[in-house]
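# Structure at a glance
As a plain string of letters, each chain reads:
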Amino acid sequence: MKLVQKIGLAVLVAAAFFSCKPNRLKVDISAIDEAVKIVRFDQQLFALGNNPSTGQLAALREHNPDFADLFSWKIIRVGSLDDDSTTSLMHLFLTDTMVTHAKELVDKQFSDFRKIEKPLVQAFKYYRYHFPDKPFPVIYTCVSGFNQSVFTAENLIGVSLDKYLGADCIYYDLLGIPEYKQRKMYPARIVPDVMYAWAITEFEISPAATSVLDHIIHEGKLLYFTEAMMPTAPDSLKIGFTEKQLKWCKMNEAQMWTYLIEKNMLYSTQRMDIMRYVNDGPYTNGFPLESPGRTGVWIGWQIVRRYMEKHPEITLPELMKNHNYLQILNGSGYSPQN
């Protein structure tokens, strides 16, 4: 597979044309007063000291019942916070050298939490604009000992701030986290990760989805949702590519699409084929090393974008309910040119 390394005049003209088009997702949210609730669970927990009593932990659980159970049972796995046997395990967690240092790094990195809170609140105002009848989740921050990034349950989202300390955090190398993941572990990634995770929770893939095409368009819908929640953010932030990787995708869009067609990949139902184009990685297997992982997701995003451009009458909720992935492809008229 030979992918071009130069941008032709036609591509530049097309890019200029699309950049001048109004952004249909940049809607007016100034009249929306409702704000998503953000709970600093990390501060509440560490405020109890290194050796909290069973009564203190039980009170913390009573104050945050749903998240506390999720955090203690599934994330740090110490059991119920109102159980006497949990006290010693929680003491070990709170005094662990790596955890205490992670908390110090979190306090320093997020000393002005308004830099995260403000875009989160704004993103959910866009959510309220598009989905006026859907309830807001409650967002809880925590220090998980590097166990999770963003996780969800019914009506809540958890964010482990220690997974967003910046690519230079010494623990990420020590924990063996791959470089392609580390470069996405910085504060500004919290908002797109939260919105993408919430989209996964709210808009599940169709049980009938079996092919590469089904999966890349479903992922494209999730990214388009994320884009709608933060319409002025750069594409590189929303998908987690570097500017260089994003440029590579734009330069080689037509070649990637031709490759998928010629190799009969779009309708492959092989699990490994689906993972190749949807899962993250240092690059996309079968493409040059310059390619980012998840190139299939990026292509799916472009298909959905084209579909919504051609059909301005279709709302975001209608798009997210549409599980006819082939119809979205056909309705998009997607055909990138060399």
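## Notes on helix 4 (residues 65-75)
Within the sequence span of helix 4, burial applies to Phe67, Ala68, Leu70, Phe71, Ser72 and Ile75. Of the surrounding secondary structure, the elements contacted by the buried residues of helix 4 are helix 2 (41-46), helix 3 (54-63), helix 5 (86-95), strand 2 (138-142), strand 3 (150-153) and strand 4 (156-160). Following helix 4 by one or two positions, Arg77 has its phi on the positive side, about 60°.

## A few points about the sheet that holds strand 3
Strand pairing in a sheet relies on backbone hydrogen bonds, with the paired strands running either antiparallel or parallel. The sheet built from four strands is open, its strands ordered 1-2-4-3 with mixed pairing. Strands with a single pairing partner mark the edges of an open sheet, and in this sheet they are strand 1 (37-40) and strand 3. This sheet shows a mean twist of 20° between the axes of neighbouring strands, independent of strand direction. Pairing analysis gives four bridges linking strand 1 to strand 2, with the strands arranged parallel. Within the sheet, the bridge partner assigned to Arg40 lies in strand 2 and is Thr141.

## Quick notes on helix 16 (residues 295-310)
Residues spaced three or four apart along an α-helix face the same direction, because each turn holds 3.6 residues. In this model helix 16 runs 23 Å from its N-terminal to its C-terminal C-alpha over 16 residues, within 8% of the 22 Å that 1.5 Å per residue would give. Taken across its 16 residues, helix 16 has 13 buried, putting it largely inside the fold.

## So, the confidence of the model for the protein chain
Residue-level pLDDT values for the protein chain average 93, and 93% of them are 70 or greater. Below pLDDT 50 for its whole length, residues 2-19 participates in 17 contacts with residues either more than four positions away or in separate chains.

## Here's the deal with the pattern of salt bridges
Within the structure shown, the criterion is met by 15 salt bridges. We note a salt bridge from Lys184 to Asp280, for which the minimum N-O separation is 2.5 Å. One end of the pair, Lys184, is in the loop between helix 9 (179-182) and helix 10 (190-202); the other, Asp280, is in the loop between helix 15 (271-278) and helix 16, and 96 residues separate them in sequence. Note on Asp280: relative accessible area 31%, which makes it partly exposed. A salt bridge links Glu219 to Arg294, with the shortest nitrogen-to-oxygen separation between them at 3.8 Å. Of this pair, Glu219 sits in helix 11 (residues 212-229) while Arg294 sits in the loop between helix 15 and helix 16; the two residues are 75 residues apart in sequence, bridging distant segments of the chain. Relative accessible area serves as the criterion here: at 11%, Arg294 is assigned to the buried category. Because the salt bridges share partners, they merge into one network encompassing Glu227, Asp235, Lys238 and Arg305.

Rules used in this analysis
- Residues numbered from 1 in each chain as written.
- Predicted model: local features only at pLDDT ≥ 70, side-chain atom pairs only at ≥ 80, totals over all residues.
- Heavy atoms only, no water.
- Buried < 20%, exposed > 50% of the residue type's maximum accessible area, 1.4 Å probe, protein only.
- Helix = DSSP H or I, 4+ residues; strand = E, 2+ residues; numbered from the N terminus.
- Contact = heavy atoms within 4.5 Å.
- Pairing = 2+ DSSP bridges.
- Axes fitted to C-alpha atoms, helices over the stretch in contact; angles between N-to-C directions.
- Expected span 1.5 Å × (residues − 1).
- pLDDT = per-residue confidence, 0-100.
- Salt bridge = Lys/Arg side-chain N within 4 Å of Asp/Glu carboxyl O.

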